[in-house]
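Spelled out, the chains give:
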Amino acid sequence: MTDEIPRGLPAPPPLGTAALPPGTYDGQVVLVTGGGTGLGKAIAAEFARLGADVVIASRRAEQLKAAQEELAAVPGGGRVASAVCDIRDPERISEVFDAAEAALGLPDVLVNNAAANFPCPAEDLTPGAWRAVVDTTLTGTWFTTREFGRRHLAAATPGSIVNIGASYAWTGGPGFAHSAAAKAGVKNLVETLAVEWGPYGIQVNGLVPGLFPHADMSEDIRDGLERAAPDAKDSRQPALRVGAPRELGWAATFLASPFARFITGHTLVVDGANWQRRALVNPEVIPIRTQLGRGPFTP
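Each chain has its residues counted from 1, following the order in which its sequence is written. Only residues with pLDDT of at least 70 are given local features in this predicted model, and only at 80 or more are side-chain atom pairs given and counted; all residues enter the totals for whole chains, interfaces and linings. To obtain the side-chain values, all non-hydrogen atoms of the structure were used and water was disregarded.

Things to note about the overall build of the protein
Numbering goes from the N terminus for both helices and strands, where a helix is a DSSP run of H or I of at least four residues and a strand is a run of E of at least two. Each helix and strand in the protein was counted, giving nine helices and seven strands. For the radius of gyration, the atoms used are the C-alpha atoms, and the globule rule reads 2.2 Å times the number of residues raised to 0.38. Its C-alpha radius of gyration of 20 Å places the protein within 12% of the 19 Å reference for a compact globule of 299 residues. Principal-axis analysis of the C-alpha atoms gives the protein an extent of 60 × 55 × 40 Å. For the protein, buried positions account for 45% of its 299 residues. Only protein chains enter the area calculation, which uses a 1.4 Å probe; residues under 20% of their type maximum are buried, those over 50% are exposed, and those in between are partly exposed.

Considering the packing of helix 1 (residues 38-49) against helix 2 (residues 61-72)
Geometry is summarised by axes, namely lines fitted to C-alpha atoms with helices restricted to the contacting stretch, and by angles between N-to-C directions that run from 0 to 180 degrees. Close contact between helix 1 and helix 2 brings their axes to 10 Å; oriented N to C, the two are set at 30 degrees. Relative to helix 2, the element helix 1 lies roughly parallel. Note that helix 1 runs across helix 2; the crossing there is right-handed. Contact residues: Lys41, Ala44 and Ala45 in helix 1; Ala67, Glu70 and Leu71 in helix 2. Each angle gets one of four labels, with under 35 degrees taken as roughly parallel, over 145 as roughly antiparallel, 65 to 115 as roughly perpendicular, and the rest as oblique. By the definition used in this description, the sense in which the near helix is turned from the far one sets the handedness, with an anticlockwise turn below a right angle giving left-handed and a clockwise turn giving right-handed. The contact rule is simple, with two residues in contact once any of their heavy atoms fall within 4.5 Å.

Considering the layout of surface pockets
By volume, the second largest pocket amounts to about 260 Å³. Lining residues are defined by having an atom within 4 Å of a point belonging to a cavity or pocket. Those points lie on a 1 Å grid over the protein atoms alone, cavities being sets where a 1.4 Å probe fits but cannot get out and pockets being open sets with protein on both sides within 12 Å along at least five of seven lines. Lining the second largest pocket are 15 residues; nearest its centre among them are Leu15, Lys41, Ala42, Ala45 and Glu70. Every element with two or more residues in the lining of the second largest pocket is listed here: helix 1, helix 2 and helix 8 (245-255). With six residues, helix 1 is the largest single contributor of residues to the lining of the second largest pocket. Ten residues, namely Ala, Val, Leu, Ile, Met, Phe, Trp, Tyr, Cys and Pro, are considered nonpolar, four, namely Asp, Glu, Lys and Arg, are considered charged, and the remaining ones, Gly among them, are considered polar. Looking at the lining of the second largest pocket residue by residue, the class counts come to seven nonpolar, two polar and six charged. Grid points are joined across faces, edges and corners, and a volume is the space filled by probe spheres set on the points.

A look at the pairing of strand 4 (residues 109-112)
Side chains of strand 4 alternate between two faces, with Val109 and Val111 and Leu110 and Asn112 buried alike. Alignment of strand 1 (residues 29-33) against strand 4, held across three bridges, turns out to be parallel. Following the sheet pairing, valine 30 is matched in strand 4 by valine 109. Two strands qualify as a pair provided that DSSP identifies no fewer than 2 bridges between them. Relative to strand 5 (residues 159-164), strand 4 runs parallel, the two being bridged by four bridges. Each residue of the ladder has a partner; that of valine 109, found in strand 5, is serine 160. Taken together, strand 4, helix 4 (residues 127-155) and strand 5 form a β-α-β motif whose crossover is right-handed. Looking down the strands as they point away from you, a crossover is right-handed if its path from the first strand over the helix to the second goes clockwise.

Topic: the environment of proline 14
Position of proline 14 relative to the elements: it lies in the segment before strand 1. With 232 residues separating them along the chain, proline 14 and arginine 246 place their C-alpha atoms 9.0 Å apart. Setting aside residues no more than four positions away along its own chain, proline 14 makes contact with Arg246 and Trp250.

Things to note about unusual backbone geometry
Excluding glycine, a negative phi dihedral is what most residues carry, and trans is how most peptide bonds are arranged. With a phi angle near 55 degrees, alanine 156 is a residue other than glycine that sits in the positive phi range. Tracing the backbone shows alanine 156 in the loop between helix 4 and strand 5.

In structure tokens form, the structure reads like this:
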């Protein structure tokens, strides 16, 4: 009898493979906040691949321009529009919806991907730092969701919302107190609004990514990964590999699709079971300040 050699979860199908039938989103408009870079752009690409007209919103015009050109070249895609938007500004959000509706039609799907985050010991968080993350991640998500919901309620049309969350909404996130609190609020919005708006045909679901390395990761997050596992990212995952951004896009397109109409109020974690991993013996506790290379706290 030979020892079994762990090989992890199989690699995903190649980039360009659609997860749903071609044309699933023909005639549909999808708005993705934070769609100019990273995982937001990857999600937008998979909707485009299935025939959707896509609107991407972000705070930086130069990133939006490049992303719009990239998404317009996706095979099978529809029209692509972009809008500069800070989701902390409800008036600007309303203007973005007006422009999207005039150009392409009322968005049928909203993906709330825009967020803010950076690691910081809780005791070092200033009021401004707290607000910067919570006002974007939670309040901004609410402002965008509210605008989407009110327009569909007024038009008596169905719609689908996908909120990008984080697993520390359940577990807590040492070093990320501001983001963890905000993401817990986002998860609660999923569960609350699914019940409130279900009678009107509006689905609300959550989607939690695991480790999906991409070119647009923030320097803080990238540095943290390098400190933790410069040569061993895969071996630290139960799947023995990290995720490919398209895998998150496939999950988003399914949740908002006609094939998932009876799924609402649910948050789907796509992380290869990493958030459920436990060791037989707990590792040594290293304070967050030490992990971030900060000295003793000074008021």
